[in-house]
Amino acid sequence: QVRLVESGGGLVQGGDSLRLSCVLSGSTFSNYAMGWFRQAPGKVRELVVAISRSNNITHYADSVKGRFTISRDNAKNTVYLQMNSLEPEDTAVYTCAAKAVRIPIAIAELYDFWGQGTQVTVSS
């Protein structure tokens, strides 16, 4: 079965950077559009960014545009989330998701597979 495993979270200070990784196993990674979502305590889960399976179409949340960058390496079955200029408001559990479609998907409920999440904490 499809399995997603995230890594790269941690505790950083405001203005720092982190890179999250998500590895997909159990299926052909290049068949899946991927998404990163986050959920802060007491808040609903929200899309951070989604990417098409061919790496050429992305959809970013306005709150992260210009600071976060998604990329994927289909040879490594991995999607990355480069997060720069982190702010305390970015503190959340970040989770990757996969759906076997071509285009990026912004709606969480449409994804078929989810990782366990990785905690990102940004101190002020």
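Residues numbered from 1 in each chain as written. Predicted model: local features only at pLDDT ≥ 70, side-chain atom pairs only at ≥ 80, totals over all residues. Heavy atoms only, no water.

1. Some words on the overall build of the protein
Logical step 1: Regarding its fold elements, the protein presents zero helices and 11 strands.
Logical step 2: Each helix and strand of the protein, placed in order from N terminus to C terminus, yields the pattern β-β-β-β-β-β-β-β-β-β-β.
Logical step 3: Since a compact globule built from 124 residues should have a radius of gyration of about 14 Å, the 13 Å found for the protein is in line with a globular shape.
Logical step 4: Principal axes of the C-alpha set define a box for the protein whose edges measure 40 × 25 × 25 Å.
Logical step 5: Sequence separation of 24 or more characterises 59% of the internal contacts of the protein that already satisfy a separation of 6 or more. (Helix = DSSP H or I, 4+ residues; strand = E, 2+ residues; numbered from the N terminus. Rg over C-alpha atoms; globule rule 2.2 N^0.38 Å. Contact = heavy atoms within 4.5 Å.)

2. Examining the pattern of salt bridges
Logical step 1: Here the structure, examined in full by the defined rule, presents six salt bridges.
Logical step 2: Between Asp62 and Lys65 there is a salt bridge whose closest N-O contact spans 3.1 Å.
Logical step 3: Given a relative accessible area of 64%, Asp62 falls into the exposed group.
Logical step 4: Close ionic contact of Arg67 with Asp90 constitutes a salt bridge, the shortest N to O distance being 2.7 Å. With a gap of 23 residues between them, Arg67 in the loop between β6 (58–60) and β7 (68–73) and Asp90 in the loop between β8 (78–83) and β9 (92–99) connect regions that are remote in the sequence.
Logical step 5: A relative accessible area of 1% places Asp90 in the buried class.
Logical step 6: A cluster of three or more residues bridged by salt bridges with shared partners is formed by Arg38, Glu46, Arg67, Glu87 and Asp90. (Salt bridge = Lys/Arg side-chain N within 4 Å of Asp/Glu carboxyl O. Buried < 20%, exposed > 50% of the residue type's maximum accessible area, 1.4 Å probe, protein only.)

3. Details of the environment of Ser17
Logical step 1: Here Ser17 is to be found in the loop between β2 (10–13) and β3 (18–25).
Logical step 2: Separated by 70 residues in the primary sequence, Ser17 and Glu87 place their C-alpha atoms 9.8 Å from one another.
Logical step 3: Each residue touching Ser17, except ones within four places of it in the same chain, is listed here: Val12, Gln82, Met83, Asn84, Ser85 and Leu86.

4. Focus on the sheet that holds β7
Logical step 1: Strand order in the open sheet formed by four strands is β1-β3-β8-β7, and the pairing between neighbours is antiparallel. In the strand order of this sheet, the two ends are held by β1 (3–7) and β7, each with one partner. Across the sheet, the mean angle separating the axes of adjacent strands is 15 degrees when strand polarity is ignored.
Logical step 2: Relative to β3, β1 runs antiparallel, the two being bridged by five bridges. Considered in β3, the bridge of Val5 is made with Val23. (Pairing = 2+ DSSP bridges. Axes fitted to C-alpha atoms, helices over the stretch in contact; angles between N-to-C directions.)

5. Observations regarding the state of the cysteines
Logical step 1: Scanning all chains against the criterion turns up one disulfide.
Logical step 2: A sulfur-sulfur distance of 1.9 Å marks the disulfide that ties Cys22 to Cys96. Here Cys22 and Cys96 share a disulfide; its torsion about the S-S bond, 55 degrees, makes the bridge right-handed. One end of the pair, Cys22, is in strand β3; the other, Cys96, is in strand β9, with 74 residues separating them in the sequence. (Disulfide = S-S within 2.5 Å.)

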